[in-house]
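Descriptive structure summary
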Amino acid sequence: MTEAANPSWIAVDWGTSNVRAFAMAADGSVLAEAKSDEGMGKLVQAEFEPALLRLVGAWLGDDPITVVACGMVGARQGWAEASYLTVPCKAHGADLTRPAVNDPRLQVHILPGVCQNEPADVMRGEETQILGVLADDPAFDGVLCLPGTHTKWAHISAEEIVSFQTVMTGELFALISGQSVLRHSVKTKDFDLDAFDAAVSDTLSNPERLAQRLFRIRAEGLLHGQSDAVSRGRLSGLLIGAELAACRPYWLGQNVIIGGDAKITSLYARGLKAQGLSVQERDGDDLTLGGLRLAYQSLTETV
């Protein structure tokens, strides 16, 4: 059960698989937090409000409270579709989407996503992490890498998202390691960093050989007894190396911040540092909360 709190407002990060809520004090500190597996992918539109009430009901009093939400809650299949801002643009707009609610205590505001017409690309949720970077450093000029299921690379300048691109590296790793023939070669959580480094270098230099290099993982295991830890390191390195090769115009010679889970950001940082870059690593949850704080501040300044 969600612990009791007396927040000034509530921040919500609503993804496809999970939803997290934070009871926020007036000074922006977190009083309590709650999480459930009732992500967007498990709900139809009418189920979002009940899911939110199950999560934060213990925090509610008699008076209306502002809820600022980001992520897939604003997708077409979410609670209410929030419009896309088109790059170049600020990380969020002044007009947030207000879904209809039955409980008068809830005043829900959903942040817009961001889109790019050419080449076509979209994001929902990552723009809030970008906003979190700008909350800490409005003068930041460089590239933000947000590793995940669908990694985002965004060029930030003059407090705007100039351009961005998405790479499906995380999803490819999950599919290949869980459903392809290589699932027999990576049956471990152990991870060989030397194998990772070599594989990153390999596909950075020869990304066109990725498909062939992937099958070699299986052959090395069958013929030469390559361990699962080495195989897992090679698989991750090959995919991240191919991503870095594709995204070279974004990171080459740039000021780069990598934001996300520490385990995965450290791998991206390792790959980029091997190319001579100095990169910063930031916790993805901290960035999301920073962005939601700034969105709430902007919202209160306009009412």
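This text gives an overview of the structure that appears in the document. Quick caveat: nothing in here was measured; it's all calculated off a predicted structure.

1. Some thoughts on the overall build of the protein
A count of helical and extended segments in the protein gives nine helices and 13 strands. Here the C-alpha atoms of the protein give a radius of gyration of 21 Å, agreeing with the 19 Å that 2.2 N^0.38 yields for 303 residues. The dimensions of the protein, computed from C-alpha atoms along their principal axes, are 70 × 40 × 30 Å. A buried classification covers 51% of the 303 residues belonging to the protein. Contacts spanning at least 24 positions in sequence make up 65% of the contacts within the protein whose residues lie at least 6 apart. Roughly 14000 Å² of accessible area belongs to the protein as shown, and the carbon and sulfur atoms make up 49% of that amount. Side-chain charges of the protein comprise 25 positive and 38 negative groups, with the mean position of each set lying 9 Å from the other.

2. Side note on the sheet that holds strand β8 (residues 121-123)
The mixed open sheet is built from three strands, whose spatial order is β5-β7-β8. The outermost strands of the open sheet, each flanked by one partner alone, are β5 (84-86) and β8. Each strand of the sheet is rotated relative to its neighbour by a mean of 25°, with strand direction disregarded.

3. Some words on the pairing of strand β12 (residues 256-260)
By the criterion of burial, β12 is predominantly enclosed, with five of the five residues buried. Burial of the side chains of β12 extends over both faces: V256, I258 and G260 are buried on one face and I257 and G259 on the other. Relative to β12, strand β9 (residues 142-146) is paired through three bridges, and the arrangement is parallel. From the neighbouring strand, V143 faces β12, where its bridge partner is V256. Read as a crossover between parallel neighbours, the route from β12 over helix α8 (residues 262-273) to strand β13 (residues 279-283) is right-handed.

4. Notes on the packing of helix α4 (residues 193-205) against α8
The axes of two packed helices give the description: the angle between them and the distance between them. Orientation of α4 relative to α8, taken along the N-to-C sense of each, is 55°, at an axis distance of 10 Å. Overall, the two elements α4 and α8 adopt an arrangement that is oblique. Once α4 is placed against α8, the crossing between them reads as right-handed. Together, L193, F196, D197 and V200 of α4 and L267, R270 and G271 of α8 make up the contact between the two elements. Taken together, the residues that form the contact of α4 with α8 break down as four nonpolar, one polar and two charged.

Calculation criteria
Residues numbered from 1 in each chain as written. Predicted model: local features only at pLDDT ≥ 70, side-chain atom pairs only at ≥ 80, totals over all residues. Heavy atoms only, no water. Helix = DSSP H or I, 4+ residues; strand = E, 2+ residues; numbered from the N terminus. Rg over C-alpha atoms; globule rule 2.2 N^0.38 Å. Buried < 20%, exposed > 50% of the residue type's maximum accessible area, 1.4 Å probe, protein only. Contact = heavy atoms within 4.5 Å. Areas by Shrake-Rupley, 256 points an atom, 1.4 Å probe, with all protein chains shown as cover. Lys, Arg positive; Asp, Glu negative; His and termini not counted. Charge placed at Lys NZ, Arg CZ, Asp CG, Glu CD. Pairing = 2+ DSSP bridges. Axes fitted to C-alpha atoms, helices over the stretch in contact; angles between N-to-C directions. Right-handed = clockwise from strand over helix to strand, strands pointing away. Parallel < 35°, antiparallel > 145°, perpendicular 65-115°, else oblique. Left-handed = near helix turned anticlockwise from the far one by under 90°. Nonpolar A, V, L, I, M, F, W, Y, C, P; charged D, E, K, R; others polar.

Function-wise, these values are silent; they only describe arrangement.
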